[in-house]
Amino acid sequence: MKTFRTLFLCLGLLAPAAHAQFLPATPAQQAQDAQAFEAIGPLLAGRLTDIQSLVVVLGGRVAYEFYRDGKPDTLRNVQSVEKSALSALYGIALAQGRIASLDQPVVELMPEWRDLNADPRAAAITLRHLLTFTAGFEVNDPRGITGRGMPPAQAWARPLAAPAGERFAYDNPVIGMLVAILEKATGMPGQDYARQQLAALEIADFAYDRGLNMRTLDMAKLGQLFLQDGMWDGKQLLPAAYAQASTTAQSKGGSPANLPYGQLWWSVSPAIFMASGYAGQLIWVHRPLQAVVAITSTVSNESQQRGHSVQLVRNALYAAIERRGKMEAR
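For every chain, the first residue of the written sequence is number 1, and numbering continues from 1 along that sequence. Totals for whole chains, interfaces and linings use all residues, but because this is a predicted model, local features are given only for residues with pLDDT of at least 70 and pairs of side-chain atoms are given and counted only at 80 or more. Processing note: side-chain calculations cover all non-hydrogen atoms of the structure and skip hydrogens and water entirely.

**Comments concerning the overall build of the protein**
In terms of regular secondary structure, the protein is built from 13 helices and 13 strands. The quantity called the radius of gyration is restricted to C-alpha atoms. Its globule counterpart is 2.2 Å times the number of residues to the power 0.38. The C-alpha atoms of the protein give a radius of gyration of 20 Å, which matches the 20 Å a tight globule of 330 residues would have. Along the first, second and third principal axes, the C-alpha atoms of the protein reach 70 × 40 × 35 Å. Residue exposure (1.4 Å probe, protein chains only): buried if accessible area is under 20% of the type maximum, exposed if over 50%, otherwise partly exposed. For the protein, with 330 residues in total, the buried portion stands at 52%. Within the protein, contacts between residues at least 6 apart in sequence are counted, and of these 65% link residues at least 24 apart. Counting only carbon and sulfur atoms, one obtains 54% of the accessible surface of the protein, whose full area is about 14400 Å². Across the protein, the mean location of the 30 positive side-chain charges is 6 Å away from that of the 27 negative side-chain charges. Secondary structure elements follow DSSP: runs of H or I of four or more residues count as helices, runs of E of two or more count as strands, with numbering from the N terminus. The contact definition used throughout considers only heavy atoms, calling two residues in contact when any of these lie within 4.5 Å. Values of accessible area rely on a 1.4 Å probe in the Shrake-Rupley scheme; residue burial ignores everything except the protein chains shown. We score Asp and Glu as negative and Lys and Arg as positive, and we do not count His or the chain ends. A charged residue contributes its charge at one atom only: NZ of Lys, CZ of Arg, CG of Asp or CD of Glu.

Printed below as a string of structure tokens:
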């Protein structure tokens with residue numbers, strides 16, 4: 001009969017290794033991390049089997065990792081977590097001056113769209129409205145699962161249901177518009193700009209195949225970047241005010257997460273923000289605890305219904321993070 005240790009190694013429960021741009025852990029920290037998170041492995045092995053990978057970063061160092069396939073470098077489909085990655089690219093473009101202001105009307109940036117929407121309210125829609133999902137387009141999908149891949153010009157031509165800034169709607173076609181605007185502002189394809197700019201985070205390997213695919217560790221880097229108000233390795237990659245606004249409530253939000261919304265990030269509370277993708281893809285960040293959690297799960301309707309990622313974060317993982325913080329305070 002296999003010991004638990006052998007089983008966890010087979011499942012990919014690896015001791016955290018040194019990772020570029022994250023702080024190294026001392027032997028004493030590694031021992032305390034192992035003690036604090038010792039209950040997580042059996043839970044993942046026995047009950048929360050939809051979860052495929054997990055990275056926990058505490059105080060800027062990797063404290064815990066799990067890969068069910070034993071492959072930390074696997075690119076995993078992160079679903080709508082890609083929206084928060086796009087938020088990072090907009091912050092970088094803003095810092096570089098490629099975008100002058102989030103309050104620019106979209107039709108000034110994309111004059112070719114001006115005549116596509118006859119509603120006079122369209123002229124008032126700004127980049128900020130797109131980033132906060134408050135542009136006012138008519139959306140009949142509270143689950144937020146349709147409209148991906150709609151051509152940007154077609155998305156802009158849709159009817160408006162409200163003046164810009166008045167109401168939130170989780171509007172997938174807005175993402176295509178934001179990508180088109182970014183490509184025009186930077187003068188290059190979005191994926192090329194992403195590879196060029198995210199190299200500072202050592203996120204060089206990702207793919208776009210039916211959505212963004214990236215390493216779980218790189219998901220954690222995105223969370224850490226926003227936790228640090230846009231600072232990385234001593235450099236201010238995003239304007240601090242932009243990073244803060246992105247992760248705090250800009251509207252009351254709504255479906256599908258039923259939470260307040262920032263700028264392509266969900267704001268759970270003043271202390272917590274998150275990126276959330278269908279079926280349990282998650283970046284969860286707790287400011288006071290200086291904790292970043294990245295999770296990927298099986299992409300299926302059943303996984304979405306079971307909600308293993310949310311169960312883990314709300315219960316055993318949060319308790320383990322708190323337990324680890326008390327060890328540090330001794």
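Resuming the write-up.
**Some details on the sheet that holds strand β3 (residues 76-77)**
For two strands to be treated as a pair, DSSP must find no fewer than two bridges joining them. One open sheet accounts for three strands, arranged β3-β5-β4; its pairing is antiparallel. Looking at the sheet topology across the chains shown, the edges are occupied by β3 and β4 (207-208). Two elements, β3 and strand β5 (residues 212-214), share two bridges in a ladder whose sense is antiparallel. Directly across from Arg76, in β5, lies its bridge partner Met214.

**Re the pattern of salt bridges**
By convention in these notes, a salt bridge is any Lys or Arg side-chain nitrogen within 4 Å of a carboxyl oxygen on Asp or Glu. Enumeration according to the criterion identifies eleven salt bridges in this entry. The partner of Arg61 in a salt bridge is Asp33, and the shortest N-O contact between them spans 2.6 Å. Of the two residues, Arg61 sits in strand β2 (residues 61-67) while Asp33 sits in helix α2 (residues 27-36), which places them 28 residues apart along the sequence. For Arg61, a relative accessible area of 7% corresponds to the buried category. Across the salt bridge formed by Asp171 and Arg158, the nearest N and O atoms sit 2.9 Å from each other. Of this pair, Asp171 sits in the loop between α7 (152-156) and α8 (173-186) while Arg158 sits in the loop between α7 and α8, placing them 13 residues apart in sequence. For the residue pair Asp171 and Arg158, the accessibility class agrees, reading buried in each case. In this structure, a network of salt bridges that share partners links the residues Asp73, Arg215, Asp218 and Lys221.

**Observations regarding the environment of Ile272**
Along the polypeptide, Ile272 turns up in strand β11 (residues 272-277). The exposure class assigned to Ile272 is buried, which follows from its relative accessible area of 14%. Linking Ile272 and Glu202, residues 70 residues apart in sequence, is a C-alpha distance of 25 Å. The residues touching Ile272, leaving out its near neighbours within four places in the chain, are Ser267, Trp284, Val285, His286 and Arg287.

**Thoughts on helix α10 (residues 216-227)**
In this model, α10 (twelve residues) spans 17 Å end to end at C-alpha, consistent with the 16 Å of a helix rising 1.5 Å per residue. Every buried residue of α10 is accounted for by Thr216, Leu217, Asp218, Met219, Ala220, Lys221, Leu222, Gly223, Gln224, Leu225, Phe226 and Leu227. Looking one or two residues past α10, Asp229 carries a phi angle of roughly 55°, positive in sign. One less than the number of residues in a helix, times 1.5 Å, gives the span that helix is expected to have.

**Structural notes on unusual backbone geometry**
Cis geometry marks the peptide bond from Ser255 to Pro256, where omega comes out at 5°. With a phi angle near 65°, Leu264 is a residue other than glycine that sits in the positive phi range. Even without being a glycine, Gln290 presents a positive backbone phi close to 50°. As for its placement among the helices and strands, Gln290 is situated in the loop between β12 (281-286) and β13 (291-297).

**Re the environment of Ala294**
By the secondary structure assignment, Ala294 is in strand β13. Those residues in contact with Ala294 that sit more than four places away from it in its chain are Ser53, Leu54, Val55, Thr216, Met219, Ala220 and Leu282.

**Some details on the packing of helix α4 (residues 82-95) against α8**
Relative placement of two packed helices is described by the angle separating their axes and the distance separating the axes. Between α4 and α8, whose axes approach to 11 Å, the crossing angle comes to 30°. Taken as axis vectors, α4 and α8 run roughly parallel relative to one another. You can see that α4 and α8 cross each other, and the crossing is left-handed. On α8, the residues touching Lys83, Leu86, Leu89, Tyr90 and Ala93 of α4 are Ile175, Leu178, Val179, Ile181 and Leu182. Side-chain classes follow a simple rule in which Ala, Val, Leu, Ile, Met, Phe, Trp, Tyr, Cys and Pro form the nonpolar group, Asp, Glu, Lys and Arg form the charged group, and the remainder, Gly included, forms the polar group. Class assignment of the residues belonging to the contact of α4 with α8 gives a composition of nine nonpolar, no polar and one charged. Helix axes are fitted to C-alpha atoms over the stretch in contact, other axes to C-alpha atoms as well, and angles between N-to-C directions run from 0 to 180 degrees. Note on angle classes: values under 35 degrees are labelled roughly parallel, values over 145 roughly antiparallel, values of 65 to 115 roughly perpendicular, and the remainder oblique. Should the near helix be turned counterclockwise from the far one by less than a right angle, the crossing is left-handed, whereas a clockwise turn marks it as right-handed.

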